[in-house]
Amino acid sequence: CSTGEEVYTLAISLIESGLTSGVRLSVIGSDLCRSRIEFAERGIYRDHSFRSTPARLKRKYFSPTPDGLAISEEVKRICHFRPINLLDPQEVRQVGRVDAIFCRNVLIYFADNSRHQVIEHFHERLIPGAHLFLGHSENLLTTPSPFESVSLEKDIAYRRAATHSPLERNHR
């Protein structure tokens, strides 16, 4: 999650979509660096973090503080940050099952065998039919994986098959 901007942006986008009313929403950001997690939890950002933020959203979800603009409590309540080593299956499992994973520009730093291990952990955490979104410089097209590729308008995502085998059902 680095310093949290993308986590908060995702949460705001979900709220603004209007599709989440009546849904218990939780957006989890992870990073290995504890100082990044602490920064993200503060939720206070300077002007450079808002280069492409529409003024309406800036006014609606942020308030001025002496240190910058602070994310609203409404958004902060649904965003959670924790250090997670993506190579450690126990740490990844602590997140629980999820509807989507956004892992942008992380896998490029892993060796092939570690990348495969992380992809397997993601597959295990996603509910059937859920999606994995990677950065533009990452893809699974040449990597064996349990995911189906899904062509989006301007991108590719990966979906965990909607149905799974009895062996998979027992491996939760």
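Right above here is the structure, for reference.
Structure report, in brief. The structure displayed is predicted, hence computed values, not measured ones. (Residues numbered from 1 in each chain as written. Predicted model: local features only at pLDDT ≥ 70, side-chain atom pairs only at ≥ 80, totals over all residues. Heavy atoms only, no water.)

**Some details on the environment of Lys76**
- Relative to the helices and strands, Lys76 resides in helix α4 (residues 73–76).
- The spatial distance from the C-alpha of Lys76 to the C-alpha of Val118 is 27 Å, given a sequence separation of 42 residues.
- Residue contacts for Lys76: discarding those within four places in its chain leaves Tyr8, Glu41, Arg42 and Ile71. (Helix = DSSP H or I, 4+ residues; strand = E, 2+ residues; numbered from the N terminus. Contact = heavy atoms within 4.5 Å.)

**Let's talk about the layout of surface pockets**
- In this model, the second largest pocket occupies a volume close to 340 Å³.
- Lining the second largest pocket are 16 residues, with Glu5, Thr9, Ser49, Phe50 and Thr53 positioned closest to its centre.
- By residue number, the principal contributor to the lining of the second largest pocket is helix α1 (residues 5–17), which donates six residues.
- Looking at side-chain class alone, the lining of the second largest pocket contains seven nonpolar, six polar and three charged residues. (1 Å grid on protein atoms, 1.4 Å probe; cavity = no way out; pocket = protein on both sides within 12 Å on 5 of 7 lines; lining within 4 Å. Points joined across faces, edges and corners; volume = space filled by probe spheres on them. Nonpolar A, V, L, I, M, F, W, Y, C, P; charged D, E, K, R; others polar.)

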